[in-house]
Amino acid sequence: MSCATPLTDEQLVAYWADDLDEAALAQVEEHLFACDECLANATHVQQVAQAFRGLPPVISHAELAALRARGLTIVDNDFIAERRTPVTFERHVDFMIHHLTGLDLTAAERVEVIVRDESGKVMFEEPIAPFDPQSGEILIACQRHFAAFPPDVVFDVRVHRAAAPPALSTFCIPHVFAS
């Protein structure tokens, strides 16, 4: 039997993150106690949240390999700077990995990533992002609960080298979250 009023992923993420007020918490727990379908979905959301706990949105290739080893559903997307490329986060996907490509990371001392919306409001800053000089890419791990952020996501990547001004690449990736 299908649940007539399933809990949303956003509700379940808030439940596992302990971000619900007492009334909402009681309502979610009552629903989970009575609904096997939502309980199964809650267990899946918890597993994904635990896999991602402690990981910032900017990840290394080793962290990506660890996520893959857990058997999570991951969709890889390649992006080129200065192109507006929308993506749809399908319901069955645990993570979308955005490969910000075409970067010259040779001789880079440090890479900085700023995540903002198109109006300029900063959502996240990583002043020392993980990078692999040979790959020429930065990896961004996007998960469903990021739907709470504005959909017009922009990633500014600054590559810092000795005795040179930072090289800036901008990736505009509007997100649509399928329900």
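Remember, it's a predicted structure, so these values are computed and weren't measured experimentally.

What counts, and at which threshold
Residues numbered from 1 in each chain as written. Predicted model: local features only at pLDDT ≥ 70, side-chain atom pairs only at ≥ 80, totals over all residues. Heavy atoms only, no water. Helix = DSSP H or I, 4+ residues; strand = E, 2+ residues; numbered from the N terminus. Buried < 20%, exposed > 50% of the residue type's maximum accessible area, 1.4 Å probe, protein only. Contact = heavy atoms within 4.5 Å. Areas by Shrake-Rupley, 256 points an atom, 1.4 Å probe, with all protein chains shown as cover. Pairing = 2+ DSSP bridges. Expected span 1.5 Å × (residues − 1). Arc of directions from axis to C-beta. Polar contact = N/O pair within 3.5 Å; in protein donor to acceptor, adjacent residues only side chain to side chain. Axes fitted to C-alpha atoms, helices over the stretch in contact; angles between N-to-C directions. Lys, Arg positive; Asp, Glu negative; His and termini not counted. Salt bridge = Lys/Arg side-chain N within 4 Å of Asp/Glu carboxyl O.

### Quick notes on the overall build of the chain
Scanning the chain from N- to C-terminus turns up four helices and nine strands. Counting helices and strands in the order they occur from the N terminus, the chain gives α-α-α-β-α-β-β-β-β-β-β-β-β. Taken over 179 residues, the chain has a buried fraction of 42%. Looking at the chain alone, contacts between residues at least 24 apart form 63% of all its contacts between residues at least 6 apart. Summing over all exposed atoms, the chain offers an accessible surface of approximately 9800 Å²; the carbon and sulfur share of this is 54%.

### What to know about the sheet that holds strand 1 (residues 58–59)
Across the sheet, four strands lie side by side as 1-7-4-2; this open sheet has mixed pairing. Strand pairing shows two members of the sheet lacking a second neighbour, strand 1 and strand 2 (74–80), which therefore form its edges. Direction of pairing for strand 1 relative to strand 7 (residues 138–143): antiparallel, over a ladder of two bridges. Following the sheet pairing, Ile 59 is matched in strand 7 by Leu 139.

### Points about helix 2 (residues 22–34)
The terminal C-alpha atoms of helix 2 lie 19 Å apart, and with 13 residues this matches the ideal 18 Å at 1.5 Å per residue to within 8%. The complete set of buried residues in helix 2 reads Val 28, His 31 and Leu 32. Seen end-on, helix 2 carries its buried residues on one side only, within an arc spanning 100°. Projecting away from the buried face of helix 2 at angles above 90 degrees are the exposed residues Glu 22, Ala 23, Glu 30, Phe 33 and Ala 34. Where helix 2 begins, the side chain of Asp 21 points an oxygen toward the backbone nitrogen of Ala 23, at a separation of 3.1 Å.

### Side note on the sheet that holds strand 8 (residues 152–160)
Pairing within the open sheet is mixed, and its five strands lie in the order 3-9-8-5-6. A strand with exactly one partner marks an edge of an open sheet, and here the two such strands are strand 3 (87–89) and strand 6 (122–126). This sheet shows a mean twist of 25° between the axes of neighbouring strands, independent of strand direction.

### Section: helix 1 (residues 9–16)
In an α-helix, one turn spans 3.6 residues; hence positions three or four apart end up facing the same way. Of all the positions in helix 1, only Asp 9, Leu 12, Ala 14 and Tyr 15 are classed as buried. Just past helix 1, the residue Asp 18 takes up positive phi, approximately 60°.

### Structural notes on the side chain of Asp 117
Take Asp 117: it is sitting in strand 5 (residues 110–117). No salt bridge is formed by the buried Asp 117, whose closest oppositely charged neighbour, Lys 121, lies at an N-O distance of 5.9 Å. Engagement of the side chain of Asp 117 in a polar contact is seen with the side chain of Ser 119, the distance being 2.7 Å. Not counting the four nearest positions on each side in its chain, Asp 117 is found in contact with Met 123, Pro 150, Asp 152 and Val 154.

### A few points about the pairing of strand 5
Counting buried residues along strand 5, seven of its eight residues qualify, which places the element largely inside the surrounding structure. Two elements, strand 5 and strand 8, share eight bridges in a ladder whose sense is antiparallel. Paired with Val 115 across the two strands is Phe 155, which belongs to strand 8. Relative to strand 6, strand 5 runs antiparallel, the two sharing four bridges. Bridge assignment links Val 115 to a residue of strand 6, and that residue is Phe 124. Linking strand 5 back to strand 6 in an antiparallel pair, the connection comprises four residues, with Gly 120 at a positive phi of about 105°.

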